[in-house]
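Report on the structure
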Amino acid sequence: MAALFVALSPPSASANGHAASGTAQAVFIADGEPTLAPMAFLKFCLKYQSQCATPSEETPIVIELTPNNLAEMRSVNAAVNARIAPNPAKDGDHWSLETRYGNCNDYAVQKRDELARRGFPISALSLATVMTRDGQGHLVLTVRTNRGDYVLDNLNAAIMPWNTVRYAWLKRQSAAKPRYWVDLSGSSPAHRAQTVSSRPQPAHRNRIASAGAPL
């Protein structure tokens with residue numbers, strides 16, 4: 001069955017940054033200006049070129065946060081967190097889709113790859129760099145949904161709304177052009193019209209052929 005797409009109209013926002021009652025619009029991370037991608041990401045793209053291909057869809061798509069889609073996100077987050085053993089000695093310059101001993105970078109890219117294989121539109125899946133409370137650089141996966149951006153993280157078993165995790169947001173992949181990154185250093189909630197998919201896309205459309213309260 002083909003995916004159902006719905007165009008959302010922008011609503012007014014409430015004082016706490018969430019969409020006003022009675023609207024279908026969500027809160028998203030406000031992407032800033034283009035910025036330099038992490039050097040390790042550029043190396044990753046050279047090794048796994050299909051992971052950084054421009055999405056086939058012209059307009060970035062967000063996922064409708066249905067019970068099934070949420071279950072898939074939880075499943076992938078748990079599975080990848082379980083199959084990779086933490087390796088503090090591994091450097092952060094080589095992100096791998098195959099390793100079973102790694103760091104946050106490996107968890108994040110493997111989750112993105114797995115969700116894409118399960119049919120999630122690649123434009124809804126963006127890697128993001130953050131700073132933890134103890135000042136450590138960290139990589140997570142963000143998923144754009146019609147209820148806002150959510151975070152898949154190897155430091156948390158739950159799927160969390162982006163604005164409830166205690167991180168300083170630095171930058172992330174562009175939805176339209178995965179090879180490019182945008183600045184998030186001044187990030188705040190944003191309300192924007194999006195095209196919504198009520199179910200994941202057929203996997204072949206994703207061009208992947210490689211190797212607050214918690215939800």
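The paragraphs below set out a description of the structure included in this document.

Thresholds applied
By convention here, each chain's residues receive numbers from 1 onward along its written sequence. Reporting in this predicted model follows two pLDDT cut-offs: at least 70 for local features of residues, and 80 or more for side-chain atom pairs to be given and counted; totals over whole chains, interfaces and linings ignore these cut-offs and use all residues. Note that water and hydrogens are dropped before the side-chain values are worked out from all heavy atoms of the structure. Here a salt bridge means any side-chain nitrogen of Lys or Arg lying within 4 Å of a carboxyl oxygen belonging to Asp or Glu. Helix and strand definitions here come from DSSP, where helices need a minimum of 4 consecutive H or I residues and strands a minimum of 2 consecutive E residues; each element is numbered from the N-terminal end. Working definition: with a 1.4 Å probe on protein chains only, accessible area under 20% of the residue-type maximum means buried, over 50% means exposed, and in between means partly exposed. The contact rule is simple, with two residues in contact once any of their heavy atoms fall within 4.5 Å. Between N or O atoms, a polar contact is any pair within 3.5 Å; within protein, one atom must be a potential hydrogen donor and the other a potential acceptor, and residues adjacent in sequence are included only when both atoms are from side chains. Cysteine sulfur pairs qualify as disulfides if the two atoms are within 2.5 Å.

Another aspect to go through is the pattern of salt bridges. If you walk through the whole model with that rule in mind, you get seven salt bridges. Across the pair R172 and D31 runs a salt bridge whose closest N-O atoms are separated by 3.2 Å. Of the two residues, R172 is situated in strand β11 (residues 168-173) and D31 in the loop between β2 (28-29) and β3 (34-35); the sequence distance between them amounts to 141 residues. For R172, a relative accessible area of 0% translates into the label buried. Classification of D31 by relative accessible area gives partly exposed; the value is 29%. Of the charged contacts, one joins K90 and D106 as a salt bridge, the two residues approaching to 3.2 Å between their closest N and O atoms. Of this pair, K90 sits in the loop between β5 (85-86) and β6 (101-102) while D106 sits in helix α3 (residues 104-117), placing them 16 residues apart in sequence. According to the relative accessible area criterion, D106 is buried, its value standing at 0%. Linked through salt bridges whose partners overlap, the residues forming this network are D31, R144, D149 and R172.

Take the environment of T132 next. Tracing the chain through its elements places T132 in the loop between β7 (125-131) and β8 (137-145). It is 9.1 Å that separates the C-alpha atoms of T132 and W169, two residues lying 37 residues apart in sequence. If we ignore the near neighbours within four places in the chain, the residues touching T132 are H138 and Y167. Side chain to side chain, T132 and D134 meet in a polar contact 2.3 Å long.

Considering all chains together, one arrives at one disulfide under this definition. The partner cysteine of C45 in its disulfide is C52, sulfur to sulfur 2.0 Å. Handedness here is read from the sign of the S-S torsion; for C45 and C52, about -85°, the answer is left-handed. We note that C45, like C52, is buried.

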